[in-house]
Amino acid sequence: MRVVLFIVELAIGGTQRQVYVLATSMAERGHDVCVVSLFPGGKFWTMLRDDPAVSTCSLFSSKRTGLWNALRYRFMVIIRLRRKLRALDSPVIYSFLNTGNVMAWFATRCALSSRLAWAMRSGNSCLSTKSELFFRISKVVSRSVALVISNSNAGRRYCESRGWRPKRFAVV
């Protein structure tokens, strides 16, 4: 089965490591795995790029500085991600972290038959203004997400206490 894993970036971090482990493990089990990020680079990007069993692609050729907060850049991300997801034609899209989850949600609206799953990897933590905005958007749209996967019961309880209501919530 083809699976797309979407994450904003693959720099060093716990979620990025989980994406790397998940992608390589799924590929070892015979799945066709493609990791999509906004731009190439980072320790885990390099490791995945060098793994012949996993395909990688980025939506932009380099990291954009100064434009990240611009609304038009976010629309460009969603449009490019939607095109990439259509081209990959995967039945499953698994996105990571609040920003990536919201971008994937917008990109999969209408006309894509893929099932969207979100990874929730943070619990009761202090969120920046940008992260809080994406968390609030996540709350509103979570009802239409097929599955949210949390890495802790505390994370699940935190999301539920903040109003998340996905169709299904799992803890791994």
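Student: Outline the sheet that holds strand S3 (residues 54-58), listing residues and values.
Tutor: The strand order S3-S2-S1-S4-S5-S6-S7 describes an open sheet built from seven strands, whose pairing is parallel. Both edges of this open sheet fall to S3 and strand S7 (169-171), since each of them pairs with a single strand only. Strand-to-strand twist across the sheet, computed as the mean angle between neighbouring axes with direction ignored, equals 20°. Sheet topology places strand S4 (residues 92-96) next to strand S5 (residues 115-120); five bridges connect them, and they run parallel. Each bridged residue has a counterpart across the sheet, and for Tyr94 the counterpart in S5 is Ala117. Each of strand S1 (2-6), strand S2 (32-37), S3 and S4 is contacted by helix H1 (residues 14-28), which is oriented at about 155° to S2, the strand it contacts most. Sitting on the sheet, helix H6 (residues 153-161) is in contact with S5, strand S6 (147-150) and S7, with an inclination near 155° to S7.

Student: Kindly report on the pattern of salt bridges, identifying the contributing residues and their values.
Tutor: In total, this model carries three salt bridges according to the counting rule given. Of the charged contacts, one joins Asp32 and Arg2 as a salt bridge, the two residues approaching to 2.7 Å between their closest N and O atoms. Of this pair, Asp32 sits in strand S2 while Arg2 is found in strand S1, placing the two residues 30 residues apart along the sequence. A relative accessible area of 34% means that Asp32 is categorised as partly exposed. Residue Arg156 pairs with Glu160 through a salt bridge whose shortest N-O separation is 3.0 Å. Here Glu160 and Arg156 lie together in helix H6, a separation of four residues that amounts to about one turn.

What counts as what
Every chain begins its residue count from 1, and numbering advances along the sequence as written. Side-chain atom pairs in this predicted model are given and counted only at pLDDT of 80 or more, local residue features only at pLDDT of at least 70, and totals for whole chains, interfaces and linings cover all residues. Side-chain descriptors were evaluated using all non-hydrogen atoms of the structure, hydrogens and water having been removed beforehand. A strand pair is defined by DSSP finding two or more bridges across the two strands. Under the scheme used here, helices are H or I runs from DSSP no shorter than 4 residues and strands are E runs no shorter than 2 residues, and both carry numbers assigned from the N terminus. The axes used here are C-alpha line fits, helices contributing only the stretch in contact, and every angle between their N-to-C directions lies in the interval 0 to 180 degrees. Here, residues are in contact when the closest pair of their heavy atoms is within 4.5 Å. Here, a salt bridge means any side-chain nitrogen of Lys or Arg that lies within 4 Å of a carboxyl oxygen of Asp or Glu. The rule is simple: take the accessible area with a 1.4 Å probe, protein chains only, and divide by the maximum for that residue type; under 20% is buried, over 50% is exposed, in between is partly exposed.

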